[in-house]
Amino acid sequence: MIVTSAVRHAAAGTAAVLFVLPVPAATASPVTSVVPVTSAASAVSGLPGASAASDASGASRREPTQPVRHHVDPARLDRKGTQVQPLPGAPSVPSLSALSWVVADASSGEVLAARNAHRKLPPASTLKALFALTALPHHEPSEQHTVADSELTGIGDGSSLVGVKEGYTYKVSDLWNGVFLSSGNDAVHVLAAMNGGWESMSRQMQDKARSLGAMDTHVVSPDGYDAPGQVSSAYDLAVFGRAGLQDPEFTRYCSTRYADFPAGSWSYGIANTNRLLTGENGVARYPGLLGIKNGYTSNAGNTLISAARRGDRTLVVSVMNPQGGGGLAVYEEARELLDWGFEAVEQVQPVGSLLPAHTKAAAGADSRAVSVPREGAAAKAAGKAMAVGKAEAAAKAEAVGKAEAVGKAEAAGNAPRGGAEAAAVPGKDSAAGAAPSGASVGLPLALVGSACAAALALWARRRRSVDRVS
């Protein structure tokens, strides 16, 4: 029993010191945790150092090598005319009549090609994509709302409507179907009233645009109705489309082709006005189309944000104001851009990025094309390494807790006096608890010896006390 008690005291002190002290190898060498993550991103993005990262991780890579991304002029998308950097064998960019357009990879945000990307033009109802990004998170789809007359005032003449009526009660999901499918300005007015009112909604949308890096957009009328000073750009519309695809609710609404809209005790069918999605009125449906939003006003002409998926690749395209081909040209020109993008995606170098400036800076300060890596072998290896690190940290914390519990149990049973526990279990303010990350191995060993000696001295003192009492 004497030996057991002594060993228990020594073990408690030793375990506490060992687990409270930082491990020098983990804290003094940040390269071991940073390099795999950076290398994984570089390998998948096609940046230099990809092969080295693959060898270091031991991962067997079977993915096709992507073209090396060269430096991208950050002002390139500000230039007039068509911007594209084809590699040998790349297909030619289609010649279109639109004043402005953008083709981008929805996953990475890389702009594959563009024409007058930042030209400021009226957006028409494509601005409803920004409205949805701003207002969608504030109300659950099943929430019900009874429409007041004041919520339907101020709707512009000639606006597209879904048929919202004063005094009727609608689910929020019904109103969003009215926004996306029928481009209903009446539904927009009601949802805006539910989110602070028309002026407040305009400010919220403006703030949202800036947070996404869309600097060309100026919001005056949240429904996209023509208003003095209201502009956006093909670049900004592509940003809104890409952001929308990251929200499952947004994606569900914008890709819905048909829905029932309530009208009191009955309902009627509504169809999405995006003809690439429905394949109606002389426009063939585009395979894999995810929808998003179309628009038209007399001032803006026809505008469109489209996205489509083919295999594991998703592209987003924006087209503003085609100058020829009639009202259906916006769909056919978007079709040509999607076809070109899927064919050219590995055969062009990006000319820009849809990511906000702060995200670009975080992804890499060398002004290379920003790329969001897909989960390959190196990325998975990096993730596993991080998981192991977290598990070790959790185990360490648990062990410290157990050691402290042992010390407290001994204190309760033997009622030590003075500051004996401090020698066995360092507190938050103790020298051991505050050891710097670069501590040498000798320091822990010395403290372990001191802890053992203190624990044995404590045990001997208690034995003498017991002998005197007995």
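These figures come from a predicted structure and were not determined experimentally.

### Let's talk about the environment of Leu175
Structurally, the position occupied by Leu175 is in helix α6 (residues 172-180). Taking the C-alpha atoms as reference points, Leu175 and Ala187, 12 residues apart in sequence, are found 5.4 Å from one another. Apart from residues lying up to four places away in sequence, Leu175 is in contact with Val164, Tyr170, Ala187, Val190, Leu191 and Met194.

### Here's the deal with helix α7 (residues 185-194)
The buried count for α7 comes to 9 of 10 residues, which makes it a mostly enclosed element. Burial in α7 covers these residues: Asn185, Asp186, Ala187, Val188, His189, Val190, Leu191, Ala192 and Met194. In the stretch just after α7, Gly196 is the one whose phi turns positive, near 110°.

### Examining the pattern of salt bridges
Side-chain pairing between opposite charges can occur once the charged atoms of the two side chains come close. Taken as a whole and assessed by the stated rule, the structure comprises 4 salt bridges. Note that Asp105 and Arg313 form a salt bridge whose closest N and O atoms lie 2.6 Å from each other. A residue pair is termed long-range when its members are at least 10 positions apart, and Asp105 in strand β3 (residues 98-105) and Arg313 in strand β11 (residues 313-322) qualify at 208 residues. According to the relative accessible area criterion, Asp105 is buried, its value standing at 2%. For the salt bridge of Arg335 with Glu332, the shortest nitrogen-to-oxygen distance reads 2.9 Å. With Arg335 and Glu332 both in helix α12 (residues 329-344) and 3 residues apart, this pair spans about one turn of that helix. Among the ionic contacts, a cluster of salt bridges with common partners joins Asp105, Arg313 and Glu346.

### Some points on the packing of helix α5 (residues 128-135) against helix α8 (residues 198-211)
Look at α5 against α8: their axes get within 9 Å of each other, and the N-to-C directions meet at 95°. Looking at the two axes, α5 sits roughly perpendicular to α8. From α5, Leu130, Phe131, Leu133, Thr134 and Ala135 reach across to α8, where they touch Met201, Gln204, Met205, Lys208 and Ala209.

### Description of the pairing of β3
Counted residue by residue, β3 has 8 buried out of 8 residues, so it is predominantly covered. Taken together, the 7 bridges between β3 and β11 define a ladder with antiparallel strand orientation. Bridge pairing links Trp101 to Val319 in β11. The sheet contact formed by β3 and strand β4 (residues 110-115) spans 4 bridges and is antiparallel. Paired with Ala104 across the strands is Val111, a residue of β4. Between β3 and β4, which pair antiparallel and follow one another directly, the connecting turn spans 4 residues, one of which, Gly109, has a positive phi of 85°.

### Points about unusual backbone geometry
Notably, Ala124 is not glycine yet its phi reads approximately 55°, a positive angle. Structurally, Ala124 can be placed in the loop between β4 and α5. Look at Ser183: it is not a glycine, yet its phi comes out positive at around 55°. One can find Ser183 in the loop between α6 and α7. The exposure class of Ser183 is buried, given its relative accessible area of 6%.

### Focus: the confidence of the model for the protein
For the protein, the mean per-residue pLDDT works out to 76, and 60% of the residues sit at or above 70. Within the model, pLDDT remains below 50 along residues 15-70, and this stretch shows 83 contacts once partners closer than five positions in the same chain are excluded. In this model residues 365-441 is a low-confidence stretch, pLDDT under 50, and it forms 94 contacts with partners more than four residues away in sequence or in other chains.

Parameters at a glance
Residues numbered from 1 in each chain as written. Predicted model: local features only at pLDDT ≥ 70, side-chain atom pairs only at ≥ 80, totals over all residues. Heavy atoms only, no water. Helix = DSSP H or I, 4+ residues; strand = E, 2+ residues; numbered from the N terminus. Contact = heavy atoms within 4.5 Å. Buried < 20%, exposed > 50% of the residue type's maximum accessible area, 1.4 Å probe, protein only. Salt bridge = Lys/Arg side-chain N within 4 Å of Asp/Glu carboxyl O. Axes fitted to C-alpha atoms, helices over the stretch in contact; angles between N-to-C directions. Parallel < 35°, antiparallel > 145°, perpendicular 65-115°, else oblique. Pairing = 2+ DSSP bridges. pLDDT = per-residue confidence, 0-100.

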